[in-house]
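Summary of structural features
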Amino acid sequence: MKHLFFLTILLVTISCHAQQPQKFNLGFKKHIVKAAIPDGWIKWGNYELTTVNDAYSGMRAAKITSNEKGTSFGSIAYKIPAKYKGKTIRLEGYMKIENVEDGYAGLLLRIDGKGSSLAFDNMSSKNITGTKDWQKYTIDLNYPKNAEVIFVGGILTGKGKVWLDDFVLTIGGKDIQALKEVEKVLSKAEQDTAFATLSAVSIPELNSENIENLELLGRIWGFLKYHHPAIASGDYNWDNELFRFLPKYLSSKNSGARDAIVLAWIDSFGTIPKCNKCKETKEDAFLKPNHHWMEEQSELLKNKLSVIYKNRSQGEQYYIGEKANVGNPDFKNENPYTEIDYPDDELRLLALYRYWNMIRYFFPYTHLMDKDWNSILKEYIPIFLNAEDELEYELAAIQLIGEIGDTHASLGLEANKIVEWKGSCYPPVDVRFAENKLVVTDYYDPELIEESGLKIGNVIISIDGKSISKIIEEKAKYYPSSNKSVQLRNMSTDLLRSNSEEIKIRYISENLEVKEIMLKLYSKDSLNISGFFKKSEEKSYKMLDNNIGYITLENIRDEDVPNIKKVFKDTRGIIIDIRNYPSTFVPFSLGSYFVSTATPFVKFTNLNLDNPGEFNFTSSLKIPSIGKTYTGKLVVLVNELTQSQAEYTTMAFRAGDNTTVIGSTTAGADGNVSTIYLPGGLRTWISGIGVNYPDGKETQGQGIIPDIEVKITVDGIRNGKDELMEKAVEVILNDKNEIGPKNSMD
């Protein structure tokens, strides 16, 4: 996801420049003399892009060269209209790299449709770094039926150089250069473009009565969207139908007239055919649809909605589907209205309706929210409709998103007013919360150590005269998170940002004296900022003292796993550090090394597309035994940086015969991610499936609870101590190695 924003911008940029030739210049055979960019290709990012004679074959190749600090990315891409049939798509290409570090190089394949990414891979998980001569690389994806645009290209992040040549794109096993275009048949919803960019409807001043009416309409609109067979099949552009209906609905004088207008509106979409496949909600369903609000309506309206529910749409729908092989929701055919930075009244209302109903019917963790989601719609109608400018709209959106309590649920960088609001100038130091205090932990650039005036371990207590606790209180609602620890993690990176070139801070020095300085700030590009996950180029495993093996998952590769098993087989213990994001998926390949029998470690809750709002448990997934089980002690290190795949991987290792998890509560955001687009081109995400231990215990929100809690301290930071590592070594040295299956995992 890291570079998805830049590629989304790339879509818009390319659409203004690229032509649609029948033959595509994927091998750089066509080029303009002395031009830096090959014919038909587009540059994106801040790195230098050139065409050079040093090609794999032919005359020319593309070359991307990083800046000196390697603080950004560079990409070259080619846009192809998706006018072809097939079930699979493959990109092949040759790549040469030189001194790639602090990032990766890769081919890039992305398929878009209706303003959203349908399939994407930039080879980031392959962690291609270092120096390598020309090699062939391949990306394989499923080819979506509703694809509209295909992007092929290459990308470089961090430092180094990459050469790219001889791209070949195949769909259904056939070279796209020889494929015939197939004219796409537009759905009825796609043919309705009446409100493509502007709804042109005005909502009157809010009062208690029309807020209640708008709440009811939001419920009915969302219910019909995912239940009415004609709407769910794509016969109607459901955004446009809302805009058409609003003026008449808002003109109703009383509840009786309102309901009559609603009933006539529903009838206008045709009769509801009898559904012979529709089933009752399962008695043992983990989550069940909540339609209690229907019981509060007039008899006629209640009966009408009940008939629709009993004869609801079945299977894949136009606006909602399931991701293949996973089961998380796929929110399809949603207009992001990217042309509009500040949506008008009706588009802001649409944003609220769209998001609220998506969460209501397809979020697997509604039962864990701090607030009842049923109350949220009414609460946020005035917040969204009273948002007077682009920033207020974006803040309303992020505040709403924060209500679901999901660390995956943030806003993408398309929310540019929030980015500006946070500040364009950055501090020269990295900070982190320890013991609920904001502590300096590192420098982005060693040459700025003296100039900053701060030392590692200094505790910042106020910024521009305002205490850290007060700033947190004011801004916390704009930082979606599953728990407090990860919220502080996310806030820490922004607290010292400003649109001024310096800020006044008070801090507690290493001598416990309170001091005050003016801290100079810098542009982000001038600093070596790597975010939470600052990758090391060191080997992913090494031997520690006392015959203890150490593995970090931040740069582990598939080929490392057999070597790890060989090198560490006779060690006293192994420490696996997951205070990072794994660079490759190892729950089974490495997790199987620590179990003596096939051991269940996780089960999921998946949506029932035939009954929106219903979620059911899957069977437990097991870590298989490979027959050669590690007999030493396994210690896994986690903290608030352990998120999503890292949490899932921790669960797999926890199934081991002799595993202890040490650290602090993790991010509490597990499960494959689903993308949501909102008007104004905003992009957000949710955890799309429920992730649970085999006994049903949840990981969302509370995260992975360690067996032994160890938190970093201010003293530890000052003295350069890794308290979790120290505890891990102690546990291994004191281990009696009593191997046996964990009862909690049975």
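Attention here is on the structure that accompanies the text. Predicted, not measured: the structure shown is a model, and the values here were computed from it.

1. Comments concerning the overall build of the protein chain
The secondary structure content of the protein chain amounts to 18 helices and 31 strands. Taken over C-alpha atoms, the radius of gyration comes to 27 Å for the protein chain, in line with the 27 Å a tight globule of 746 residues would show. Taking the principal axes of the C-alpha coordinates as reference, the protein chain spans close to 80 × 60 × 60 Å. Scored against the burial criterion, the 746 residues of the protein chain give a buried share of 57%. Summing over all exposed atoms, the protein chain offers an accessible surface of approximately 31,700 Å²; the carbon and sulfur share of this is 48%. Counting 89 positive and 100 negative side-chain charges, the protein chain places the averaged centre of each group 4 Å from the other.

2. Thoughts on the state of the cysteines
The tally for this structure, following the rule as stated, stands at one disulfide. For cysteine 275, the disulfide goes to cysteine 278, at an S-S distance of 2.1 Å. Its S-S torsion of about 100° marks the bond between cysteine 275 and cysteine 278 as right-handed, since a negative value means left-handed.

3. A few points about unusual backbone geometry
Positive phi outside glycine occurs at aspartate 464, with the angle close to 50°. Among the structural elements, aspartate 464 can be located in the loop between β15 (459-463) and β16 (466-467). Positive phi outside glycine occurs at asparagine 547, with the angle close to 60°. Within the secondary structure layout, asparagine 547 lies in the loop between β20 (541-544) and β21 (548-552).

4. Things to note about the packing of aromatic side chains
Counted by the stated rule, this structure contains 35 aromatic pairs. Both rings, one in tyrosine 361 and one in phenylalanine 362, keep their centres 6.2 Å apart while their planes meet at 55°; by these two values the pair is tilted. Per residue, the accessibility class of tyrosine 361 equals that of phenylalanine 362, and both read buried. Both rings, one in phenylalanine 585 and one in phenylalanine 588, keep their centres 6.2 Å apart while their planes meet at 45°; by these two values the pair is tilted. By the ring-pair criterion, three or more aromatic residues cluster together here, those being Trp221, Tyr236, Trp238, Phe245, Tyr249, Trp265, Phe269 and Tyr353.

5. Structural notes on the layout of surface pockets
One number sums up the size of the second largest pocket: a volume of about 430 Å³. If you go around the second largest pocket, you meet 20 residues; those closest to its centre are Asp370, Gly402, Glu403, Gly405 and Ser481. In the lining of the second largest pocket, the residues fall into seven nonpolar, nine polar and four charged.

6. Description of the side chain of aspartate 445
Turning to its location among the elements, aspartate 445 is positioned in the loop between β14 (437-443) and α12 (449-452). The exposure class of aspartate 445 is buried, given its relative accessible area of 6%. Separated by 3.4 Å, the side chain of aspartate 445 and the backbone nitrogen of asparagine 528 make a polar contact. The residues contacting aspartate 445, other than those within four sequence positions of it, are Lys69, Pro428, Ser526, Leu527 and Asn528.

7. Examining the sheet that holds β20
Overall, mixed pairing links the six strands, which are arranged β20-β21-β22-β26-β27-β31 in an open sheet. The sheet is open, and its two borders are formed by β20 and β31 (708-709), each paired with just one other strand. Where strand β22 (residues 573-577) meets strand β26 (residues 633-638), five bridges bridge the pair, whose relative direction is parallel. Within the sheet, the bridge partner assigned to glycine 573 lies in β26 and is lysine 633.

8. Here's the deal with the side chain of glutamine 297
Its location among the elements puts glutamine 297 in the loop between α6 (255-267) and α7 (299-310). Here tryptophan 293 takes part through its backbone oxygen, which lies 2.9 Å from a polar atom of the side chain of glutamine 297.

9. What to know about helix α3 (residues 208-227)
Spanning 20 residues, α3 covers 29 Å between terminal C-alpha atoms, matching the ideal 28 Å at 1.5 Å per step. Burial runs high along α3: 17 of the 20 residues are buried. The N-cap residue of α3 is asparagine 207: its side-chain oxygen and the backbone nitrogen of glutamate 209 are 3.1 Å apart.

10. A few points about the pattern of salt bridges
Scanning all chains against the criterion turns up 37 salt bridges. The salt bridge partner of aspartate 112 is arginine 110, with a shortest N-O separation of 2.6 Å. Take aspartate 112 and arginine 110: they sit in the same class, and that class is buried. Note that lysine 727 and glutamate 730 form a salt bridge whose closest N and O atoms lie 3.2 Å from each other. One end of the pair, lysine 727, and the other, glutamate 730, are both in helix α18 (residues 723-733), three residues apart, so they sit about a helical turn from each other. Lysine 727 gets classed as partly exposed once you look at its relative accessible area, which sits at 24%. It is possible to trace a salt-bridge network through shared partners that takes in Arg90, Glu92, Lys136 and Asp140.

11. Topic: helix α10 (residues 390-402)
With 13 residues, α10 extends 18 Å from end C-alpha to end C-alpha; this agrees with the ideal 18 Å at 1.5 Å per step. Where α10 is concerned, the buried positions are Glu390, Tyr393, Glu394, Leu395, Ala396, Ala397, Ile398, Gln399, Leu400 and Ile401. In the core, the buried residues of α10 are packed alongside α8 (345-362), α9 (373-385), α11 (416-422), β28 (673-678) and β29 (682-687). Put simply, aspartate 389 is the residue that caps the front of α10, since its side-chain oxygen is 3.2 Å from the backbone nitrogen of leucine 391.

Rules used throughout
Residues numbered from 1 in each chain as written. Predicted model: local features only at pLDDT ≥ 70, side-chain atom pairs only at ≥ 80, totals over all residues. Heavy atoms only, no water. Helix = DSSP H or I, 4+ residues; strand = E, 2+ residues; numbered from the N terminus. Rg over C-alpha atoms; globule rule 2.2 N^0.38 Å. Buried < 20%, exposed > 50% of the residue type's maximum accessible area, 1.4 Å probe, protein only. Areas by Shrake-Rupley, 256 points an atom, 1.4 Å probe, with all protein chains shown as cover. Lys, Arg positive; Asp, Glu negative; His and termini not counted. Charge placed at Lys NZ, Arg CZ, Asp CG, Glu CD. Disulfide = S-S within 2.5 Å. Phe/Tyr/Trp six-rings, centres within 6.5 Å; stacked < 30°, edge-to-face > 60°. 1 Å grid on protein atoms, 1.4 Å probe; cavity = no way out; pocket = protein on both sides within 12 Å on 5 of 7 lines; lining within 4 Å. Points joined across faces, edges and corners; volume = space filled by probe spheres on them. Nonpolar A, V, L, I, M, F, W, Y, C, P; charged D, E, K, R; others polar. Polar contact = N/O pair within 3.5 Å; in protein donor to acceptor, adjacent residues only side chain to side chain. Contact = heavy atoms within 4.5 Å. Pairing = 2+ DSSP bridges. Expected span 1.5 Å × (residues − 1). Salt bridge = Lys/Arg side-chain N within 4 Å of Asp/Glu carboxyl O.

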